[in-house]
Amino acid sequence: MTSEALRNQVAAKWQDAFNRLNRGAQGISGLIEFSKAWAVAADFLRPRELGAPPKDFNTHEVRTSFDVLMQCRMLPMLLECFVEDMRLNQHLITNDVVRYMAEYEATGDPDVIGRLVLLLADWYFAWAPGGDPSRLGHTISSAYIVNFQTHVFSVLPATFAGGFKKLLAATLALYTQGATPDVPASVQDAKLWPSFELLGLADRYESLIASVCYEHIEAHVLETCAGKWDEPMLGKLREWMADKVVAWMLLPYARGAKTTEEARTMLQGVGSRFDFHVCKTLCDLRTKEMFDIVIDYPDSTPALYDLKECLQRVDQRTQLVQALRKANKRRLLHPGADTKDILTQYVSLIRCLRIIDPPGVLLFKVADPIRRYLRDRPDTIRCIVASLVVDGESGDSLVDDDEPIRPLQSAQVDDYTDPNWEPEPIDAGPDFRANKPSDVVSTLVSIYDSKDLFVKELQVLLAQRLLAVADGNYEKERRNLEILKIRFGEAPLQVCEVMLKDMTDSKRIDHHVQSQSSSVMHPTIISRHFWPQFQTAKILMPGQLREIQESYAREFATFKPDKKLRWLSHLGSIRLDIQLQDRTISADVPPLEAAFIELFSEQDVWTVNDLITRVGPVERSAALKALLAWVDRGVLREESDGADVQCFRLLESTPTGASATPVGMSTAGSRAALAEEQATVLSVQQQQAEQMKVYWKFIEGMLTNLGGLPLDRIQTMLKFAPGYDRTIDQLGAFMDAARREGLVNVKDGIWRLNR
């Protein structure tokens, strides 16, 4: 049984509730008025079917009903009933969502998503109390919005996000490309973006909206900028953003802006993000194309300035270095690439990276593998030197004609007392030096530790070019020498001065000799001690050729009694007129070919061995090459005496129906297999190899008398030999070559002779 106190408490609560609802009216008239007010308000808030005609409510009556409920403190209860009514009718919205999403999944058409969004907006207004929840105050409106959006988000399937992204992309395309037949009709509806706002889709899928813009920017950059390096593109991209994309950005990112200044303020942060993405996308594209941009330099200069500006905004210097190093290794630094092409690419790379990064940090990081690879190539110095003395019209020079000629620069120690001194860039490595050589020639020469190698190669190349001059005009070579003296200094090139003087003196001496006794010979007379070593071959010119040599030597001895000519008979060219029975053949031929055909004036048939015996110690391949040249001209015919002895016969008359194909060496491929004609002057590598043959005698004596020796001990003792200037690495390479030939062996670093 209940106590008296509990009964009194319940009675008090009941009386309080009755008084609150009756509001002090007579009898229960106030309670009856409350019941009518509840019915009117509940009917006013109850969700209705979409498309049902709107109910006709008396605004004054509705307002009065809500005032009564407020006085009775029953608005929270009314709100709970309203939310429950929404829950009971949610299946109506769910059915529409399921139907539209099934259609989208079957067609993939973003217009279906657009129509679904517009339909959900219609449901929003249909269920909104009075068509506008904000009219009933913040409490009811916020409760309605939260509950409506929560239900909508709960029934949207996972595929909605993909469809919504397509719809957003279509809206962006409408602004950037204009209206086209492919644009969905719902995209052009002015109520679409306000519907996004009503349903909370703009906030829920904010990252999706940004990704659509990012992807559109990336697609536009790739479409308009890929492979287009001859004009600046970054400025055009920013103009495109301002004219096309910003108008679209106002919809999601400047919602509610009332003035232009307010919209600009709201777009400031997001606009900076999208500008950053433009720079990043262009930077990524140019980084991938950098190797080809370097190849296309200087036509690709605008692309380099774009990349420079992008790198200042986007910190992707490391990615650029890695991409360039990888591309260089794959496309440049391999045996199939010609050294000249590698040097050309390296020079272009120097100029390109100086535009992007004037301090040179990027160049230092990218160029290091190229420099190491070039250092190991045997013909690098020759190619560099050839580019320095090449004719201007040939187009093979590595140096621009507009680049000033200046002495070679070398790296200097930092002068910390200089008031203009600046520290090295923050991303510079420990070996980087900001004051490294800046001009191209100095950079190329700095690949090696000493410029002496270049001077020796210059001497060889100049000798070859001087000997190749046929008209006696040495002005080009004189000009090249003056330029080289500016770069390398006068002292290292004194030998080249002597070589050039020898050529002019030779022309003068020949003119004097010809004036005393006319001769068909015009030799080049040079100083033996100042010229590089020549190819050696002791050819004895026979017959009238020898008489011409001796006659010229006598006249020279008369003019220069203190000097004597030493003929290099295997060098030069001879103009011959060969008179046969039925024809005369004229040809410019090497001395060896002339010597062989002269011997055929003594007898018609010669064996190869007999010809070599008469002319001198000539390699058999060189002899065959010279003889087959006359076979090709139809002067000789190759025969066999049946004992596998090669013979050649003079053809005084052309045989009728005779085959022009020689016997034995019958194909072009066979003749190509013969040794090619050797260069007149020995290359630097050949000269070094010849000198090392002399030093081999010293090495052989050491290992014979002292037994096994380590490489550093051999190097120390060789320094006492006259003229020895090789490094220990060069000595090691020579010893390896001797080991491969079986002359020495090595074990645990100790070298010994093979007994």
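Residues numbered from 1 in each chain as written. Predicted model: local features only at pLDDT ≥ 70, side-chain atom pairs only at ≥ 80, totals over all residues. Heavy atoms only, no water.

### Structural notes on the overall build of the protein
Counting its secondary structure elements, the protein contains 31 helices and eight strands. Within the protein, counting contacts between residues at least 6 apart in sequence, those at least 24 apart form 69% of the total. Carbon and sulfur atoms provide 52% of the accessible area of the protein, an area that totals close to 41,800 Å². (Helix = DSSP H or I, 4+ residues; strand = E, 2+ residues; numbered from the N terminus. Contact = heavy atoms within 4.5 Å. Areas by Shrake-Rupley, 256 points an atom, 1.4 Å probe, with all protein chains shown as cover.)

### Comments concerning unusual backbone geometry
Cis peptide bonds are those with omega within 30 degrees of zero, and the linkage from Tyr-297 to Pro-298 qualifies with 10 degrees. In this structure, Pro-298 sits in the loop between helix H14 (290–295) and helix H15 (301–313). Even without being a glycine, Asp-748 presents a positive backbone phi close to 55 degrees. Given the relative accessible area of 73%, Asp-748 is considered exposed. (Buried < 20%, exposed > 50% of the residue type's maximum accessible area, 1.4 Å probe, protein only.)

### Comments concerning helix H22 (residues 475–488)
The terminal C-alpha atoms of H22, which comprises 14 residues, lie 20 Å apart, in line with the 20 Å expected from a rise of 1.5 Å per residue. Every buried residue belonging to H22 is among Glu-477, Asn-480, Leu-481, Ile-483, Leu-484, Lys-485, Arg-487 and Phe-488, and all of these are buried. Looking one or two residues beyond H22, the residue adopting positive phi is Gly-489, at roughly 95 degrees. (Expected span 1.5 Å × (residues − 1).)

### Description of the sheet that holds strand E6 (residues 709–710)
What links the strands of a sheet is backbone hydrogen bonding, and the strands pair in either a parallel or an antiparallel sense. As summarised here, the arrangement of the three strands in space is E6-E8-E7, forming an open sheet in which the pairing is antiparallel. Whereas interior strands pair on both sides, the edge strands pair on one side only; in this sheet they are E6 and strand E7 (744–747). Bridge count for E6 against strand E8 (residues 750–753) is two bridges, and the pairing is antiparallel. Considered in E8, the bridge of Pro-710 is made with Ile-750. (Pairing = 2+ DSSP bridges.)

### Things to note about the confidence of the model for the protein
Scored by pLDDT, the protein has a mean of 79; 79% of the residues are at 70 or more. Within the model, pLDDT remains below 50 along residues 659–678, and this stretch shows 23 contacts once partners closer than five positions in the same chain are excluded. (pLDDT = per-residue confidence, 0-100.)

### Considerations on the side chain of Glu-598
Examined against the element boundaries, Glu-598 turns out to sit in helix H25 (residues 591–599). Nearest to the buried, unbridged Glu-598 among oppositely charged side chains is Arg-614, at 8.4 Å. At 3.1 Å, the side chain of Glu-598 and the side chain of Gln-544 are in polar contact. Apart from the residues lying within four places of it in its own chain, the contact partners of Glu-598 are Pro-542, Gly-543, Gln-544 and Leu-545. (Lys, Arg positive; Asp, Glu negative; His and termini not counted. Salt bridge = Lys/Arg side-chain N within 4 Å of Asp/Glu carboxyl O. Polar contact = N/O pair within 3.5 Å; in protein donor to acceptor, adjacent residues only side chain to side chain.)

### As for the environment of Leu-592
Mapped onto the elements of the fold, Leu-592 is located in helix H25. Given the relative accessible area of 11%, Leu-592 is considered buried. Each C-alpha atom of the pair Leu-592 and Leu-627 lies 9.1 Å from the other, and the pair is 35 residues apart in sequence. Contact partners of Leu-592, with chain neighbours within four places excluded, come to Ile-539, Val-615, Val-618, Ala-622, Ala-623 and Ala-626.

### Concerning the sheet that holds strand E4 (residues 636–640)
Across the sheet, which stays open at both edges, the three strands sit in the order E3-E5-E4 with antiparallel pairing between neighbours. Whereas interior strands pair on both sides, the edge strands pair on one side only; in this sheet they are strand E3 (605–607) and E4. Across the sheet, the axes of successive neighbouring strands diverge by a mean angle of 30 degrees, strand direction being ignored. Pairing between E4 and strand E5 (residues 646–650): five bridges, direction antiparallel. When the bridges of E5 are listed, Glu-639 appears paired with Cys-647. Together, E3 and E5 form the strand contacts of helix H26 (residues 608–615), whose direction differs from that of E3 by roughly 85 degrees. (Axes fitted to C-alpha atoms, helices over the stretch in contact; angles between N-to-C directions.)

### Re the nonpolar core
Within the largest apolar cluster, 135 residues are counted, with the highest numbers of intra-cluster contacts made by Phe-148, Phe-160 and Met-290. Top element by residues in this core is helix H6 (residues 110–127). It accounts for 11 residues. With sequence-adjacent residues up to four places away left out, Phe-148 is seen in contact with Met-86, Ile-93, Leu-120, Trp-123, Tyr-124, Trp-127 and Leu-199. Counting residues in hydrophobic clusters, the runner-up holds 33 residues, among them Leu-545, Ile-585, Leu-624 and Val-635. (Core = buried A, V, L, I, M, F, W, Y, C linked by side-chain atoms within 4.5 Å.)

### A look at helix H5 (residues 90–107)
Its 18 residues place the ends of H5 26 Å apart at the C-alpha level, agreeing with the 26 Å of an ideal helix rising 1.5 Å per residue. Once H5 ends, the next one or two residues include Gly-108, with phi positive near 70 degrees.

### Some words on the packing of helix H8 (residues 159–177) against helix H12 (residues 234–253)
Two elements in contact, H8 and H12, have axes whose closest approach is 9 Å; the angle formed by their N-to-C orientations is 135 degrees. Between H8 and H12, the angle falls in the class oblique. Considering how the two elements wind past one another, H8 and H12 form a crossing that is right-handed. Contacts between H8 and H12 involve Leu-168, Thr-171, Leu-172, Tyr-175 and Thr-176 on the former and, on the latter, Trp-240, Lys-244, Val-245, Ala-247, Trp-248 and Leu-251. Partitioned by chemical class, the residues of the contact of H8 with H12 number eight nonpolar, two polar and one charged. (Parallel < 35°, antiparallel > 145°, perpendicular 65-115°, else oblique. Left-handed = near helix turned anticlockwise from the far one by under 90°. Nonpolar A, V, L, I, M, F, W, Y, C, P; charged D, E, K, R; others polar.)

### What to know about empty space enclosed by the protein
Summed over all chains, the structure comprises one cavity of 30 Å³ or more. A volume near 70 Å³ is recorded for the largest cavity. Lining the largest cavity, in full, are Val-389, Leu-458, Leu-461, Leu-462, Arg-465, Glu-477, Asn-480, Leu-481, Leu-484 and Cys-496. Those elements giving two or more residues to the lining of the largest cavity turn out to be helix H21 (452–468) and H22. Of the residues contributing to the lining of the largest cavity, the split by class is seven nonpolar, one polar and two charged. (1 Å grid on protein atoms, 1.4 Å probe; cavity = no way out; pocket = protein on both sides within 12 Å on 5 of 7 lines; lining within 4 Å. Points joined across faces, edges and corners; volume = space filled by probe spheres on them.)

### Focus: the environment of Glu-206
Its location among the elements puts Glu-206 in helix H11 (residues 206–225). Residues Glu-206 and Pro-252, spaced 46 residues apart in sequence, show a C-alpha to C-alpha distance of 8.3 Å.

### Describing the packing of H5 against helix H7 (residues 138–155)
Packed helix pairs are specified by the crossing angle of their axes together with the interaxial distance, meaning the distance between the axes. Two elements in contact, H5 and H7, have axes whose closest approach is 10 Å; the angle formed by their N-to-C orientations is 40 degrees. Classified by the angle their axes make, H5 and H7 are oblique. Where H5 crosses over H7, the two elements pack in a sense that is right-handed. Between H5 and H7, the contacting residues are Gln-90, Ile-93, Thr-94 and Val-97 on the first element and Phe-148, His-151 and Val-155 on the second. Residues belonging to the contact of H5 with H7 are distributed by class as follows: four nonpolar, three polar and no charged.

### Structural notes on the packing of aromatic side chains
Tallying each qualifying case throughout the model produces 15 aromatic pairs. Ring centres 6.0 Å apart and planes at 50 degrees place the aromatic pair Phe-160 and Tyr-205 in the tilted group. Placement of the pair is Phe-160 in helix H8 and Tyr-205 in the loop between helix H10 (201–204) and H11, with a sequence separation of 45 residues. In terms of burial, Phe-160 and Tyr-205 fall into one category: buried. Here Phe-164 and Phe-196 contribute two aromatic rings whose centre-to-centre distance is 5.0 Å and whose plane-to-plane angle is 75 degrees, an arrangement assigned as edge-to-face. Taken together, the positions of Phe-164 in helix H8 and Phe-196 in helix H9 (residues 192–199) put the pair 32 residues apart, joining distant regions of the chain. The ring of Trp-630 has Arg-633 lying over it, and the distance from NZ or CZ to the ring centre is 4.6 Å. (Phe/Tyr/Trp six-rings, centres within 6.5 Å; stacked < 30°, edge-to-face > 60°. Lys NZ or Arg CZ within 6 Å of the ring centre and 35° of its normal.)

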